[in-house]
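Letter by letter, the chains look like this.
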Amino acid sequence: MQHPFKEFQEFVAENQPLAPLTWFRLGGPAAYFARPRNIEDMRAVLSRANEAGIPYKLLGGGTNVLVRDPGVEALVVLMESPHFSDVSVVENRIKTGAAVPLTALISQTARAGLAGLEILTGIPGTVGGALRGNAGSRQGAIGPFVSRVTVLDSAFEVQERERDDLNFVDRESNLDEPVILSAEFELSQEEPESVVRRMRRIWIVKKENQPYGHQSSGCIFKNPSADISAGALIDQAGMKGTRHGGAEVSDRHANFIIAHPGAKADDVLHLIDQIQQRVWQQFGYELELQLRIW
Ligand SMILES: Cc1cc2nc3c(=O)[nH]c(=O)nc-3n(C[C@H](O)[C@H](O)[C@H](O)COP(=O)(O)OP(=O)(O)OC[C@H]3O[C@@H](n4cnc5c(N)ncnc54)[C@H](O)[C@@H]3O)c2cc1C
C-alpha cells in the first residue's frame, strides 16, 4: 500500500514512540505521528487521514493519557508548534494558543495583573488539554473563565465557539471538535503581587498532596460527586500502596497511580481494574475514568 502521508514527510513520521511524550512514559508507538507547523499542515494532514480512513488523536502535554503497550493504530497529532503558542493580553482578556503550557499561561496572567486562572496552579499540560477536560481542582475549574474558543470542526473549517454555547461540567467539556486551536479568557484585574501569593500558596498545598516527581498521570478517576472523592474511597478501601507489576497506588494521594521503572501500561490497566472492582464491592460506586486510555 502507498504511504498515506507520503507528501507530508517533512512533518509526518511512522512508528513514532509515544512513551517519551506522556507523563506516564509507558506504552507503544503511534502508527503515524504528525507535528503540524501551522494550521494549513493541520488541515491537510487531518483531511488525508479522513480520506484514508485512518483515525486521528490530538496530543497536548500527554499528562492525562495512558498509551497501551501495543501502541496506537492511528495518526497522533502533536500540538506544539510556535504557531499554536501565541499569547496576547488586551485589558482583562487574554488570548492564547492551545499549545501553550497552562503553567506558562498562569504565570503570564499573574504578571499582567489578571486574576482567576491561578486556581489552576500546578496542573501540568497544555491549554488545549485543559479545555478539553475542564481541568481544575477544589478551588474551581478553567471553564468559567473562558469567553471564546477557536476550533477546527469535523470538516476541518475554523469555527468560533462563544461562551453561551460552551458547557463545562466536572472534568468534561462539550468541546468535542477534532482540534482546539486557541481560546480567550476573561479575568479580573488585581495587583500582580497578591495573585502571585495565591499561586505560591496553592503550589505548596499541591506539592504536599500529590506525588510530583514520579511517572504518573494525575487523578485516574473522576470524583463520584462533589462531596465524595474517588481518592478517599480508594484510601478507605485500603488500597494505598497496592502494586501490580511496576504500577502502584500512590501512598500520598490514592487517586494517583505511579509507574516504577520497568512498569508496563498493562500493569496500570490491571491496577485500575482492581481498584474499580474493590470500590464497587465495598462501597457500591462505579469509578469512572478521568484518564484517557489510547
Ligand atoms: C502530576 C499531575 C497532576 C495533575 N493534577 C491535575 C489537577 O489538579 N486537576 C486536573 O484537572 N488535572 C490534573 N492533571 C491531569 C492533566 O494535567 C490535565 O488533564 C491536563 O489538562 C491535560 O492536558 P494535556 O495537554 O496534557 O492533555 P493530553 O494529556 O495531551 O490530552 C488529554 C485529552 O485532551 C485532548 N487534547 C489535548 N489537546 C487538544 C487540542 N488542542 N485539541 C483537541 N483535543 C486536545 C487529547 O486528545 C486527550 O483526549 C494532573 C496530571 C499530572 C501528571
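This text goes with the structure placed above it.
Here the residue index of a chain counts from 1 through its sequence in written order. Where local features are concerned, this predicted model is filtered to residues with pLDDT of at least 70; where side-chain atom pairs are given and counted, the filter is 80 or more; whole-chain, interface and lining totals use all residues. Only hydrogens and water are set aside when side-chain values are computed; all heavy atoms of the structure are taken into account.

Moving on, we come to the overall build of the protein chain. Comment: elements are numbered from the N terminus, with helices defined as DSSP H or I runs of at least four residues and strands as E runs of at least two. Summing up its helical and strand segments, the protein chain has six helices and 20 strands in all. Radius of gyration here uses only the C-alpha atoms, and the compact-globule reference equals 2.2 Å multiplied by the residue count raised to the power 0.38. For the protein chain, the C-alpha radius of gyration of 20 Å lies close to 19 Å, the compact-globule estimate for 294 residues. Summarising its shape, the C-alpha atoms of the protein chain cover approximately 55 × 55 × 30 Å along the three principal directions. Among the 294 residues that make up the protein chain, the fraction classed as buried is 49%. The criterion used for residue contact is that any of the two residues' heavy atoms lie within 4.5 Å. Partitioning the intrachain contacts of the protein chain with sequence separation of at least 6 by distance along the chain shows that 65% fall at a separation of at least 24. Using a 1.4 Å probe, the Shrake-Rupley method yields the accessible areas, and only the shown protein chains count as cover for residues. Carbon and sulfur atoms form 46% of the exposed surface of the protein chain, whose accessible area is close to 14,100 Å². Positive: Lys, Arg. Negative: Asp, Glu. His and the chain ends are not part of the count. Each charge is placed at NZ for Lys, CZ for Arg, CG for Asp and CD for Glu. Computing the positive centroid from 30 side-chain charges and the negative centroid from 37, the protein chain places the two 5 Å apart. The classification of residues rests on relative accessible area computed with a 1.4 Å probe and restricted to protein chains. Under 20% of the type maximum is buried, over 50% is exposed, and intermediate values are partly exposed.

Next up on the list: the sheet that holds strand β1 (residues 12–17). Hydrogen bonds between backbone atoms are what pair the strands of a sheet, whose relative direction is either parallel or antiparallel. The pairing criterion is simple: DSSP has to find at least two bridges between the two strands. Read across the sheet, four strands follow the order β1-β2-β5-β3 without closing on themselves; strand pairing throughout is mixed. Both outer strands of the open sheet, β1 and β3 (56–59), are each paired with one neighbouring strand and no more. When the angles between neighbouring strand axes are averaged without regard to direction, this sheet yields 35°. Two elements, strand β2 (residues 29–34) and strand β5 (residues 72–78), share four bridges in a ladder whose sense is parallel. Residue Phe33 lies in a different strand from β5, and its bridge partner there is Val76. Think of each axis as a best-fit line through the C-alpha atoms, taken over the contacting stretch in the case of a helix, with angles from 0 to 180 degrees between the N-to-C directions.

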